Amino acid sequence: MSQLFQEAIIVSILAATIRAMTPLLFSAMGELITQRAGIWNMGVEGTMLMGAFTAYIAATWTGSLWLAVLAAIFAGALMGLIFAFMTATLRVDHFIAGLGLNLLVSGLTLYWFQSYVQGRAQPKFASFQDIAVPFLSDIPFLGPILFSQRLLTYVAFLAVPTVWFLLYRSRYGLELRCLGENPKALDVKGLSVTARQFAAVMAGSAMTGLGGGFLMLGLSDRFVADFTAGRGWIVVVALIAGNWKPKGVLIAVTAFAILDSLAMHLQVLGTPVPRQLLLALPYLASVVLLMGVRFRSSQPGQLGVPYKRS
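Residues numbered from 1 in each chain as written. Predicted model: local features only at pLDDT ≥ 70, side-chain atom pairs only at ≥ 80, totals over all residues. Heavy atoms only, no water.

Caption draft 1: How the structure looks around the overall build of the protein chain. The helix and strand tally for the protein chain stands at twelve helices and two strands. Mapped from its N terminus to its C terminus, the protein chain presents α and β elements in the order α-α-α-α-β-α-β-α-α-α-α-α-α-α. Taken over C-alpha atoms, the radius of gyration comes to 20 Å for the protein chain, in line with the 19 Å a tight globule of 310 residues would show. Taking the principal axes of the C-alpha coordinates as reference, the protein chain spans close to 65 × 50 × 40 Å. For the protein chain, the proportion of its 310 residues judged to be buried stands at 49%. Sequence separation of 24 or more characterises 77% of the internal contacts of the protein chain that already satisfy a separation of 6 or more. Accessible surface computed for the protein chain: about 14600 Å², of which carbon and sulfur atoms make up 68%. Between the averaged position of the 21 positive side-chain charges in the protein chain and that of its 12 negative side-chain charges there is a distance of 8 Å. (Helix = DSSP H or I, 4+ residues; strand = E, 2+ residues; numbered from the N terminus. Rg over C-alpha atoms; globule rule 2.2 N^0.38 Å. Buried < 20%, exposed > 50% of the residue type's maximum accessible area, 1.4 Å probe, protein only. Contact = heavy atoms within 4.5 Å. Areas by Shrake-Rupley, 256 points an atom, 1.4 Å probe, with all protein chains shown as cover. Lys, Arg positive; Asp, Glu negative; His and termini not counted. Charge placed at Lys NZ, Arg CZ, Asp CG, Glu CD.)

Here it is, written out as structure tokens:
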């Protein structure tokens, strides 16, 4: 355990934490947009998985990581379109629609993956590399942690103030929050509730697809079944724990990423703790956090409630 307190190990843990936050931040900010519009998308796990799988296919087929990023975003938006149609148009229960989507994507990606690699070795690709920010990356201790990361990691952290500005400092954000609180007010003004919910879900799901894409392109070089390993559910927990506010969600995501990074390093250091327990740390924390959360005043009043014109 004493090795954990060596400076090099601490820097490695914190740098890995920043990388681990990237897919969670993309997905969490996207889901925040979706839920603020009154749509409780429980299909985050499936959307992340589809984004990761699509990114893998695009990267190994075209050899271009940036085309793979675009493919992941498109896949996420398409998943959002399907989910919005089920919930905003057909008014299917949000939880049932999300769970069904997760199960469908889990089966489809496994089948498509097996068909893609059948009869050959699994294709691999070179993932994104760190980009050091000139001068800032040379700062002792903080430089390697904050300013020597993947390019999309910087974008993910910029997404937090961008989403905050969108929600609280723009007309679109006002309409978006109104969708989750009192959609009838928009309807009375002659504004389409359904069209705005479609836009919010597709935009949010595109970000979630990007999160899955980064998980593949920035942290791995091959696809496996259920690749996202429950991160979509952690995103849902982070929204609840963060009280549906960008700052709170950022704090919750940071806590989960620290545990994830710590568990990984404890395994590498050969700490005499069962591997299964280390891997379960972020998920155990999410359960404990949900048990401890009581105050949820910022939850949209009509979250998960299908809107029907009277």
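Caption draft 2: Region of interest: the UniProt feature "transmembrane region" (unreviewed entry) in the protein chain. As annotated in UniProt, the feature "transmembrane region" (unreviewed entry) corresponds to residues 6-26, 38-59, 65-88, 95-113, 151-168, 198-217, 249-270 and 276-293 in the numbering used here. Taken end to end, residues 95-113 is 100% helix and 0% strand, and its first and last C-alpha atoms sit 27 Å apart. Here residues 151-168 is 100% helix and 0% strand, with 27 Å between the C-alpha atoms at its ends. (UniProt positions renumbered as here; feature names shortened; annotations may be inferred.)

Caption draft 3: Layout of helix α7 (residues 171-181). Looking at α7, one finds that the buried residues are Gly173, Glu175, Leu176, Cys178, Leu179 and Gly180. On the buried face of α7, the contacting elements are α1 (7-36), α6 (151-168), α8 (183-188) and α9 (193-217).

Caption draft 4: Geometry of α9. End to end, α9 covers 36 Å across 25 residues, agreeing with the expected 36 Å (1.5 Å per residue, within 8%). Taken across its 25 residues, α9 has 19 buried, putting it largely inside the fold. The opening residue of α9, the one whose side-chain oxygen lies 3.1 Å from the backbone nitrogen of Ala195, is Ser192. (Expected span 1.5 Å × (residues − 1). Polar contact = N/O pair within 3.5 Å; in protein donor to acceptor, adjacent residues only side chain to side chain.)

Caption draft 5: Region of the structure containing the side chain of Thr153. Relative to the assigned elements, Thr153 resides in helix α6. By relative accessible area, Thr153 is classed as buried at 1%.

Caption draft 6: Spotlight on the packing of helix α2 (residues 44-62) against α9. The contact between α2 and α9 brings their axes to 7 Å, and the two run at 55°. Judged by the angle between their axes, α2 and α9 are oblique. The hand of the α2/α9 crossing is right-handed. For the pair formed by α2 and α9, the contact residues are Val44, Thr47, Met48, Gly51, Ala52, Ala55, Tyr56 and Ala59 on the first element and Ser205, Thr208, Gly209, Gly211, Gly212, Gly213, Met216 and Leu217 on the second. Across the contact of α2 with α9, the residue classes tally to eight nonpolar, eight polar and no charged. (Axes fitted to C-alpha atoms, helices over the stretch in contact; angles between N-to-C directions. Parallel < 35°, antiparallel > 145°, perpendicular 65-115°, else oblique. Left-handed = near helix turned anticlockwise from the far one by under 90°. Nonpolar A, V, L, I, M, F, W, Y, C, P; charged D, E, K, R; others polar.)

Caption draft 7: Expanded view of the packing of α1 against helix α10 (residues 231-241). For the pair α1 and α10, interaxial distance at closest approach is 9 Å and the crossing angle is 55°. What the angle tells us is that α1 and α10 run oblique. Classified by chirality, the crossing of α10 by α1 is right-handed. For the pair α1 and α10, contact is made by Leu24, Ser27, Ala28, Glu31, Leu32 and Gln35 and by Arg231, Ile234, Val235 and Leu239, respectively. Along the lines of polarity and charge, the residues of the contact of α1 with α10 split into six nonpolar, two polar and two charged.

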